[in-house]
Amino acid sequence: MSCVKTLPFLLGLSIFLLGSNAHALPEDRNQPIRIQADTAELDDRQGVAVYRGDVVITQGTMKITGDTVTITQDGNGDVEVFTSIGKPAYYEQKPAVDKEIVKAYGLTIQYFAANERIILIDQAKVIQEGNTFEGEKIVYDTQRQIVNAGRATNVDVTSPRPRVDMVIQPRKKEGSATGTPAAEQSE
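Residues numbered from 1 in each chain as written. Predicted model: local features only at pLDDT ≥ 70, side-chain atom pairs only at ≥ 80, totals over all residues. Heavy atoms only, no water.

(A) Up close: the side chain of T65. With respect to the element layout, T65 can be found in strand β4 (residues 62-73). Residues contacting T65, with those up to four places away along its chain left out, are V55, V56, S84, A89 and Y90. (Helix = DSSP H or I, 4+ residues; strand = E, 2+ residues; numbered from the N terminus. Contact = heavy atoms within 4.5 Å.)

Structure (structure tokens):
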């Protein structure tokens, strides 16, 4: 495959993949996309790009890392899925200006572009505003910011976890930031 034919495919694929996240910071879509890897193998006919070796993909606040990242397209050239494999693979993004960065880990991370859903498999963990969700498999809906955690079925996992482990931080009430009860503050 020649570099001349591959460059438009690579750029188009990257722009669509990283620019499609509707609930990221608006500025993220306007930021340059950077893909770093030791090697890249691009197959225009099959619509598959495979990046290997300490892969880092960034755009604005979004960052995806893994040992190997595979990106697949459908027949129309739209990105269907990207799969990041690592020890662990990693995803982070700031969902809004007033929100903390969401961090996600898993030995395998799959991102489904059409519905902006991330599936973390094996040693899966999501950290969002101090809350943590851990399990064999976690499905994170980035549009609705909903996390579902449970057992990974039909998949061999390196660290079986029969139960989900979650830590949910208490919501801060008005007046609790200073440690003074709200009643005393209103006097």
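Additional details are given in the paragraphs that follow.
(B) View of the nonpolar core. Membership of the largest hydrophobic core comes to 26 residues, with the highest contact counts inside it found for I71, Y91, I118, L120, V126 and I138. Counting only elements with at least two residues in this core, the list comes to β3 (48-59), β4, β5 (79-93), β6 (102-112), β7 (117-128) and β8 (131-141). Look past the residues within four positions of I118 in its chain and what remains in contact with it is Y91, I109, Q110, Y111, I138, V139, Y140 and T142. Formed by 5 residues, the second largest nonpolar core is a distinct cluster that contains I119, I121, V139 and A152. (Core = buried A, V, L, I, M, F, W, Y, C linked by side-chain atoms within 4.5 Å. Buried < 20%, exposed > 50% of the residue type's maximum accessible area, 1.4 Å probe, protein only.)

(C) Structural detail: the packing of aromatic side chains. Counted under the stated rule, the structure contains 2 aromatic pairs. Residues F82 and Y111 carry aromatic rings whose centres are separated by 5.4 Å and whose planes lie at 40° to one another, so their mutual orientation is tilted. Separated by 29 residues along the polypeptide, F82 in strand β5 and Y111 in strand β6 bring together distant segments of the chain. The same class applies to F82 and to Y111, which are both buried. Between Y90 and Y105, the ring centres sit 5.0 Å apart and the planes meet at 45°, which makes this aromatic pair tilted. With Y90 in strand β5 and Y105 in strand β6, the pair connects residues that are 15 residues apart, well separated along the chain. Y90 sits in the buried class, given a relative accessible area of 13%. (Phe/Tyr/Trp six-rings, centres within 6.5 Å; stacked < 30°, edge-to-face > 60°.)

(D) Local environment of the pairing of β3. Here strand β2 (residues 39-43) runs beside β3; their pairing, made up of 5 bridges, is antiparallel. Residue pairing for β3: L42 is matched across the bridge by A49. Hairpin geometry of β2 and β3 is characterised by an intervening segment of 4 residues between the two adjacent antiparallel strands and by a positive phi of about 70° at G47. Judged from the 10 bridges that link them, β3 and β4 form a sheet pairing that is antiparallel. Bridge pairing in β4 links A49 to I71. Hairpin geometry of β3 and β4 is characterised by an intervening segment of 2 residues between the two adjacent antiparallel strands and by a positive phi of about 60° at G60. (Pairing = 2+ DSSP bridges.)

(E) View of unusual backbone geometry. Of note, the bond from K87 into P88 is cis; its omega dihedral lies within 30 degrees of zero at -5°. Structurally, the position occupied by P88 is in strand β5. Backbone geometry places D122, a non-glycine residue, at a positive phi of 70°. Checked against the element boundaries, D122 lands in strand β7.

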